[in-house]
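Observations on the model geometry
Here is how the chains run, residue by residue.
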Amino acid sequence: MTRWLITGAGGMLGRDLVAALTEPTAPYGRHARRSETPVEITAATRDMLDVTDAAAVASAVSGHDIVINTAAWTDVDAAEDHEDVATDINGRAVNNIAAACTVNGAKLIQISTDYVFDGTATTPYPETHPTAPINAYGRGKSLGEQLALRTGGYVVRTAWLYGDHGPNFVETMLKLAASRPTVDVVTDQIGQPTWTAALAEQLVRLGTAALAGTAPPGIYHGTATGEASWHDLARTLYDLAGLDPDRIRPTTAENFARPAPRPAYSVLSHDAWAAAGIPLQPDWRVQLDHALSEPGFADLAKAARS
């Protein structure tokens, strides 16, 4: 029996992680590495566990073999005005979890972000590239990475997440299709659209390998393969959903001024997975096609077509 603690378990990724660990056929469908060892899962939602409370974290981690920390302040723009609070959750709270994992001999997998980079690269960022965040959210997450790594933890950077259990770009685009004839989407931000169900499967594999001692601690990039602009993603989404992709019109980021600057290019390389013997995630288009067959997105697509 291995005991897993999922923090932030009520969120989009957290809920898919619980499903990946508990459902006989995980959401991504036959791609999970199913361990022969039985698992016991503690799904700690935000209401159940405040990760900024060191005593509460110490109590929650006790008795667990592995902790996957998905708890996070995710409002990137609001973090600009509330950086101390956002950094408490995304950065300093990781020290509470890492310390508790050290005391209990538990493995820590800390979820991070592409926003730790400045976006000035033109080729995929390797795991070893120096961080240079350009917004408050990225600075907090970068601190969280450092605190996890210094105690031998695992950091998994991800990006452009969408899934059934939280607000996201794919959901927004399908809802807009039902109410607008056209939608303007930026062409000058490039990344890797990643389905939370696919990432959850990869995290289960990593956690299983970490417990077995076959995955070295360090940084891993947990994103889909391939790359796309938001405009590419929206057009492909409409095409797969049976909608006219020409309803997606090109624009640039300067027409969507937001409080927090975004990296223009945040494609991540995936070299570290080979050392752990864990396969890469599929191409983002394959993931999107699978996601649209799930009930939540399928219902939104149907509504958009009607």
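Before reading further, recall that the structure is shown in the block above.
Let me begin by describing the structure that accompanies this report. What you are looking at is a predicted structure, and each value in this text was computed from that prediction instead of being measured. Chains are numbered independently. Their residues run from 1 in the order of the written sequence. In keeping with the model being predicted, local features are shown solely for residues with a pLDDT of at least 70 and side-chain atom pairs are shown and tallied solely at 80 or more, while totals for entire chains, interfaces and linings include all residues. Side-chain measures were taken over the full set of non-hydrogen atoms in the model, leaving aside hydrogen atoms and water.

**Looking at the nonpolar core**
Among buried residues, those of type Ala, Val, Leu, Ile, Met, Phe, Trp, Tyr and Cys that are joined through side-chain atoms within 4.5 Å constitute a nonpolar core. For every residue, the accessible area obtained with a 1.4 Å probe (protein chains only) is divided by the maximum for its type, and the residue is called buried under 20%, exposed over 50%, and partly exposed between those limits. Counting 32 residues, the largest nonpolar core has Met173, Leu174, Val185, Leu237, Tyr238, Leu288 and Phe297 as the members making the most contacts within it. For this core, the secondary-structure elements that each account for two or more residues are helix H5 (169–177), strand E7 (183–186), helix H6 (196–212), helix H7 (230–240), helix H9 (284–291) and helix H10 (295–305). What Leu288 contacts, discounting residues up to four positions off in sequence, is Tyr162, Val170, Leu233, Thr236, Leu237 and Leu240. The helix and strand labels rest on DSSP assignments: H or I over at least four residues marks a helix, E over at least two residues marks a strand, and numbering proceeds from the N terminus. Here a residue-residue contact requires only that any non-hydrogen atoms of the pair lie within 4.5 Å.

**Quick look at the sheet that holds strand E4 (residues 107–113)**
Ordered in space as E2-E1-E3-E4-E5-E10, the 6 strands form an open sheet in which the pairing is parallel. Both outer strands of the open sheet, strand E2 (39–44) and strand E10 (218–221), are each paired with one neighbouring strand and no more. Pairwise comparison of adjacent strand axes, ignoring direction, gives a mean angle of 20° for this sheet. For two strands to be treated as a pair, DSSP must find at least two bridges joining them. Here an axis means a line fitted to C-alpha atoms, over the contact stretch when the element is a helix, while the angle between two N-to-C directions is reported on a 0 to 180 degree scale.

**Re the packing of helix H1 (residues 12–22) against H6**
Contact geometry for H1 and H6: axes closest at 8 Å, N-to-C directions at 55°. Taken together, the axes of H1 and H6 are oblique relative to one another. Crossing hand, H1 versus H6: right-handed. Contacts between H1 and H6 pair Met12, Leu13, Asp16, Leu17, Ala20 and Leu21 from the former with Thr196, Ala197, Leu199, Ala200, Glu201, Leu203 and Val204 from the latter. Of the residues in the contact of H1 with H6, the class split is 10 nonpolar, 1 polar and 2 charged. The scheme is simple: roughly parallel for angles under 35 degrees, roughly antiparallel for over 145, roughly perpendicular for 65 to 115, oblique for anything else. Crossing chirality is assigned from the near helix's rotation relative to the far helix, an anticlockwise turn below a right angle marking it left-handed and a clockwise turn marking it right-handed. All residues other than Ala, Val, Leu, Ile, Met, Phe, Trp, Tyr, Cys, Pro, Asp, Glu, Lys and Arg, Gly among them, are scored as polar; the first ten of these are nonpolar and the last four charged.

**Topic: the pattern of salt bridges**
The term salt bridge refers to a side-chain nitrogen of Lys or Arg lying within 4 Å of a carboxyl oxygen of Asp or Glu. Applying the stated rule across the entire model yields 10 salt bridges. Put simply, Arg285 and Asp283 hold a salt bridge, and the shortest N to O gap is 3.0 Å. Residue class for Arg285 comes out partly exposed when judged on its relative accessible area of 41%. With relative accessibility at 23%, the residue Asp283 sits in the partly exposed group. Through salt bridges with shared partners, one network takes in Asp77, Arg258 and Arg262.

**Topic: the pairing of strand E5 (residues 154–158)**
Two faces, one strand: in a regular strand the side chains alternate between the faces of the sheet. Burial within E5 is extensive, with 5 of its 5 residues counted as buried. Where burial is concerned, the two faces of E5 agree: the one with Tyr154, Val156 and Thr158 and the one with Val155 and Arg157 are both buried. Direction of pairing for E4 relative to E5: parallel, over a ladder of 5 bridges. Residue Thr113 lies in a different strand from E5, and its bridge partner there is Thr158. Crossover connection from E4 via helix H4 (residues 136–149) to parallel E5: handedness right-handed. As paired strands, E5 and E10 are joined by 4 bridges and run parallel to one another. The partner of Val155 across the bridge, within E10, is Ile219. If you view a crossover with the strands going away from you and the path from the first strand over the helix to the second runs clockwise, you call it right-handed.

Distances and angles like these do not, on their own, reveal function.
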